[in-house]
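Below, each chain spelled out in residue letters.
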Amino acid sequence: MRSTWRLLVTGTTDGPSNMAIDHAIMDAVAEGRVPPTLRFYAWDPACLSLGFMQPLADVDRARLAVCGWDVVRRITGGRAILHTDELTYSVTVKDDHPVVEGDIIKSYRRLSTALCHGLDQLGAAVESDRRVEGAGKAKGPVCFEVPSHYEITAGGKKLIGSAQVRKVGTVLQHGSIPLTGDIARICDALVFESEQKRAEARKKVHRRATTVEEVLGRTIGWDEAVSVFSASFAEVFDLALEPGDLTPDEQARATALRAEQYAAEDWNAHR
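What comes next is a walk through the structure.

Quick notes on the rules
Residues numbered from 1 in each chain as written. Predicted model: local features only at pLDDT ≥ 70, side-chain atom pairs only at ≥ 80, totals over all residues. Heavy atoms only, no water. Helix = DSSP H or I, 4+ residues; strand = E, 2+ residues; numbered from the N terminus. Expected span 1.5 Å × (residues − 1). Buried < 20%, exposed > 50% of the residue type's maximum accessible area, 1.4 Å probe, protein only. Contact = heavy atoms within 4.5 Å. Core = buried A, V, L, I, M, F, W, Y, C linked by side-chain atoms within 4.5 Å. Pairing = 2+ DSSP bridges. Salt bridge = Lys/Arg side-chain N within 4 Å of Asp/Glu carboxyl O. Phe/Tyr/Trp six-rings, centres within 6.5 Å; stacked < 30°, edge-to-face > 60°. Arc of directions from axis to C-beta.

**A word on helix H6 (residues 222-237)**
Link 1 in the chain: Here H6 is 16 residues long and its end C-alpha atoms lie 22 Å apart, about the 22 Å a rise of 1.5 Å per residue gives.
Link 2 in the chain: Considered for burial, the residues of H6 that qualify are Ala225, Val226, Val228, Phe229, Ser230, Ser232, Phe233, Ala234 and Phe237.
Link 3 in the chain: Lining the buried residues of H6 we find strand E1 (3-13), strand E2 (37-43), strand E6 (86-94), helix H3 (104-122), strand E10 (170-178) and strand E11 (239-243).
Link 4 in the chain: Of the residues flanking the end of H6, it is Asp238, one or two places downstream, whose phi is positive at about 50 degrees.

**Topic: the nonpolar core**
Link 1 in the chain: In this structure, Ile177, Val212 and Phe229 are the most contacted members of the largest nonpolar core, which totals 35 residues.
Link 2 in the chain: The dominant element in this core, judged by the number of residues it contributes, is H3, at 7 residues.
Link 3 in the chain: The contacts of Val212, once residues within four sequence positions are left out, are Leu119, Leu122, Leu159, Ile177, Pro178, Leu179, Arg218 and Ile220.
Link 4 in the chain: Formed by 22 residues, the second largest nonpolar core is a distinct cluster that contains Ala28, Ile75, Leu246 and Tyr262.

**Description of the pairing of strand E9 (residues 157-167)**
Link 1 in the chain: Here 7 bridges tie E9 to E10, and the two strands are oriented antiparallel to one another. Across the sheet, the residue bridging to Gly161 is Ser176, located in E10.
Link 2 in the chain: Between E9 and the antiparallel strand that follows it, E10, lie 2 residues; Val168 among them carries a positive phi value of about 45 degrees.

**Concerning unusual backbone geometry**
Excluding glycine, residues mostly have negative phi values, and the peptide bonds linking residues are mostly trans.
Link 1 in the chain: The residue after Asp44, namely Pro45, is reached through a cis peptide bond having omega 0 degrees.
Link 2 in the chain: The topology assignment puts Pro45 in the loop between E2 and strand E3 (47-50).
Link 3 in the chain: Of note in the backbone geometry, Asp85 takes a positive phi value of approximately 55 degrees without being a glycine.
Link 4 in the chain: Position of Asp85 among the secondary structure elements: in the loop between strand E5 (81-83) and E6.
Link 5 in the chain: Phi at Asp238 takes a positive value of approximately 50 degrees, unusual for a residue other than glycine.
Link 6 in the chain: Note that Asp238 resides in the loop between H6 and E11.

**Some points on the pattern of salt bridges**
Pairing between side chains of opposite charge can happen when their charged atoms approach one another.
Link 1 in the chain: Following the criterion strictly, the structure yields 13 salt bridges and no others.
Link 2 in the chain: Measuring nitrogen to oxygen at the nearest pair gives 3.1 Å for the salt bridge that ties Arg2 to Asp238. Residue Arg2 is located in the segment before E1, and its partner Asp238 is located in the loop between H6 and E11; the two are separated by 236 residues in the primary sequence.
Link 3 in the chain: Given a relative accessible area of 38%, Asp238 falls into the partly exposed group.
Link 4 in the chain: In this structure, Lys197 engages Glu200 in a salt bridge whose closest nitrogen and oxygen atoms are separated by 4.0 Å. In this pair, Lys197 and Glu200 are both assigned in helix H4 (residues 195-208), 3 residues apart and thus about one turn of the helix distant.
Link 5 in the chain: Classification of Lys197 as partly exposed rests on a relative accessible area of 38%.
Link 6 in the chain: Take Glu200: its relative accessible area is 36%, and that puts it in the partly exposed class.
Link 7 in the chain: If you follow the salt bridges from partner to partner, you end up with Glu31, Arg33 and Asp249 in one network.

**Quick notes on the packing of aromatic side chains**
Link 1 in the chain: Applying the stated criterion across every chain, the model contains 5 aromatic pairs.
Link 2 in the chain: Between the aromatic rings of Tyr89 and Phe233, the centroid separation amounts to 6.4 Å while the plane-to-plane angle is 40 degrees, which identifies the pairing as tilted. Residue Tyr89 is found in strand E6, and its partner Phe233 is found in helix H6; the two are separated by 144 residues along the sequence. Comparing Tyr89 with Phe233 shows no difference in burial state: the two are buried.
Link 3 in the chain: The structure contains a cluster of three or more aromatic residues connected by ring pairs, namely Phe52, Tyr262 and Trp267.

**Structural notes on H4**
Link 1 in the chain: Here H4 contains 14 residues, and its C-alpha end-to-end distance of 20 Å stays within 8% of the 20 Å for a straight helix at 1.5 Å per residue.
Link 2 in the chain: Buried residues of H4: Arg198, Ala201 and Val205, and no others. Relative to the axis of H4, the buried residues are bounded by an arc of 60 degrees and lie together on one face. What points out from H4, more than 90 degrees from its buried face, is the exposed set Gln196, Lys203 and Arg207.
Link 3 in the chain: On its buried face, H4 sits against helix H2 (61-67).

Take a look at the structure:
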């Protein structure tokens, strides 16, 4: 039987609000107040998001301010991502849903099939479920610099960075699909021992990561990307996607979470 999910296209907002909204959706799904939810969104201003356990000391706050970028700590793990010129997706479902059954790696692989199908529809030749040499061993502050055990790659370069958390009987996975721009810009706002080390990190990111525009040789607009990836999720998982909005309860919860957690210095400093 075809499963019905809610489709949210929430547009552009700041980093603390985006993370608060994903968290509020997770709470609502956990409590059975809303159906499984696929969300697409963007960020303004650009925002550096840190993995849950990543030290704030990785961030050069002075350089971040010069760039005009925000910083926020995610509820999910992993390393830093600069959210700009991208499509961000989030999937929120109960942890017994067939799409996410099994452990994190198994569910990540399964969700990756929809992401890969969307990239294929755009004309990008991608690989998934690819074990990367050095995975789990390399150290560094940048998500797209450090290989994970399984990647979505194009031409051997990482194309999508995703992270997952399981709480209150619910799975939240969100991820960054860089559409355009310089993938190594993130190095402008992180702490390095020297400018030489910063330059080396830039080169490493360029060697290991890419954007949709770089892969295709053409620019994909945000609205087109939303259309393609929402259709891909529907096709791959046989979903009926019903466009919707945040409920008043979700909006109120997100507003509270933004103020009390995601925009709070104590949270972002992990104190």
